[in-house]
Each structure stands twice: as structure tokens, then as C-alpha cells.
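Coordinate inspection notes
These are the residues of each chain, in order.
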Amino acid sequence: MRMKSFKSTAWILPQPVLIIGTYDKNGKPNAMNAAWGGQWDMHDIMISLGSHQTTDNLAVNPEFTVAFATAETMVASDYVGIVSGRKTPEKMEKAGWTIEKAPNVNAPLFKEFPMTLECRVKEKMDESETGYYLVAEIVNILCDEKYLAEDGKPDVEKMKLIIFDPVHHTYIQLGDTVGKAFADGKQLV
């Protein structure tokens, strides 16, 4: 087997397509697309944020939502990632999402997404003019009932979630279940 070397770059795979929802100081909703995030521990998440309208909003209101992008929401999800809320005041109107206030945090909920985390900032790490690492508490998780499995929990396959491929700059839809975690490996015990 021959291995090709590449310089260090942001190629951790897979990368989620996270839609961060915030309100500005006047209650106007905003959304941005973020890929550099993940579970921090059992009840917290971490997201690497550059300087955006979202970070301006979080400075005045430390609550936000995190929705998981899908094949169906891909075009508008990409749009909110390439257009700045600082420069395009009509950004949310162009995205076309149905917006309502989240029930447990002061942040927008975008109804087109199957699952949304309601979050509250716990810590901003390495904060500078270019951004920071955000650690946030997951206050609650909301899931549209049409995306629940027979056991009453969210069904990831039904959601048709997408991931970001940083190597080729594409979105890939997650596929089929291929095994059972904490079980299939027991074959080797």
C-alpha cells in the first residue's frame, strides 16, 4: 500500500453542518453555517466561531440554537454560510425559513430543520478580534415528531442529515446504518 502525504489542514471527517441561530440586540433573527463543532461532554457542545454577526449577537444575548442541516435545507444552509448578516440585512428573508422563538432559550427556531439544540453560552475560550471557541450548555433538544423512530427517539436516517466534505468542498448526505455501536465489536471479545 502506498500512502500519499498532505500538509496539515482542516480535514477531520465527517464535519457537521450546524446552523447557529441567534437574535441581535433588537430581537432580529440571524443564522450562520458552522462546521467546526462537536460534542464537548455529555451536556455541552463546542463550536469554533470566527468574527460574525452571530458573535456580535452572542455578546448581547448568550443564548442560541443549533440545527442540523439536511439535504432539503442544503441550499439555504449554504447561503447563510456565505452571506454575512452584517452586510445583508434581508439574509433571513432570502433564506426563506419559518422562524419562531425557541421555547427554552431566547433564540430563533427554524421550523424546516428536523432537530435543534437549545443552547446557552458557558465559556468563550481564546477570544480575540477574529473569533473564539464557544463552549455551550445544551439546555434542551427539540425534534420534529415525524423524525422519531419506533422507540420514540430521533431517527437520524429519516432526517437525511448532511455533512461538509472539507477536502472537496461538497455536502454529503449521511447514509444507511451499517452496524450497532457497543455491540458489534463484542464478536471479537
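In every chain, residue numbers begin from 1 and rise along the written sequence. Totals for whole chains, interfaces and linings use every residue, but because this is a predicted model, local features are given only for residues with pLDDT of at least 70 and side-chain atom pairs only at 80 or more, for both listing and counting. Values reported for side chains reflect all heavy atoms of the structure, with hydrogen atoms and water molecules removed beforehand.

**Re the sheet that holds strand S9 (residues 115–128)**
Strands belonging to one sheet form pairs held by backbone hydrogen bonds; the direction of such a pair is parallel or antiparallel. In this description, strands pair whenever DSSP reports at least two bridges between them. Runs of E in the DSSP output that reach at least two residues are strands. Runs of H or I that reach at least four are helices, and both are numbered from the N terminus. Strand order in this open sheet of seven strands is S3-S2-S6-S9-S10-S5-S4, and the pairing throughout is antiparallel. Two strands in the sheet have a free side with no partner beyond their single neighbour: strand S3 (29–34) and strand S4 (37–39). If you compare each strand with its neighbour and ignore which way they point, the axes differ by 30° on average. As judged from the three bridges shared by S4 and strand S5 (residues 44–50), these two strands associate in the antiparallel manner. Directly across from Gln39, in S5, lies its bridge partner Ile45. We call two residues in contact whenever any of their non-hydrogen atoms come within 4.5 Å of each other. Angular values range over 0 to 180 degrees, each being the angle between N-to-C directions of two axes fitted as lines to C-alpha atoms, with helices fitted over their stretch in contact. Docked against the sheet, helix H2 (residues 74–82) engages strand S2 (18–23) and S3, running at close to 95° with respect to S3.

**Some remarks on the packing of aromatic side chains**
Here a pair means two rings of Phe, Tyr or Trp (six-membered ring of Trp) with centres within 6.5 Å. Their orientation is stacked below 30 degrees between planes, edge-to-face above 60, and tilted elsewhere. All chains considered together, the criterion is met by five aromatic pairs. Their ring planes at 55° and their centres at 6.2 Å tell us that Phe164 and Tyr171 sit as a pair that is tilted. Each residue's exposure class comes from its accessible area (1.4 Å probe, protein chains only) as a fraction of the maximum for that residue type: buried when under 20%, exposed when over 50%, partly exposed otherwise. Judged by relative accessible area, Tyr171 falls into the partly exposed class, the value being 26%. Taken together, the aromatic side chains of Trp97, Phe110 and Phe113 make up a single cluster linked through ring pairs.

**Focus on the environment of Glu93**
Following the sequence through the fold, Glu93 ends up in helix H3 (residues 91–95). Distance from Glu93 to Pro29, taken between C-alpha atoms, is 10.0 Å for residues 64 residues apart in sequence.

**A short note on the side chain of Thr116**
Turning to its location among the elements, Thr116 is positioned in strand S9. Thr116 sits in the buried class, given a relative accessible area of 3%. Ignoring any residue separated from it by four or fewer positions in sequence, one finds Thr116 in contact with Thr65, Val66, Ala67, Leu109, Asn140, Ile141 and Leu142.

**So, the nonpolar core**
Counting 22 residues, the largest nonpolar core has Ile20, Ile45, Ile47, Phe64, Val66 and Cys119 as its most contacted members. Those elements that place two or more of their residues in this core are S2, S3, S5, strand S6 (63–68), S9 and strand S10 (131–143). Once residues within four sequence positions are removed from consideration, Ile47 is found in contact with Ile20, Ala34, Trp36, Gly37, Phe64, Val66, Tyr132, Tyr133 and Leu134. By size, the runner-up hydrophobic cluster in this structure holds 15 residues, among which are Ala67, Ala69, Ala76 and Tyr79. The criterion is simple. A nonpolar core is a set of buried Ala, Val, Leu, Ile, Met, Phe, Trp, Tyr and Cys residues joined through side-chain atoms within 4.5 Å.

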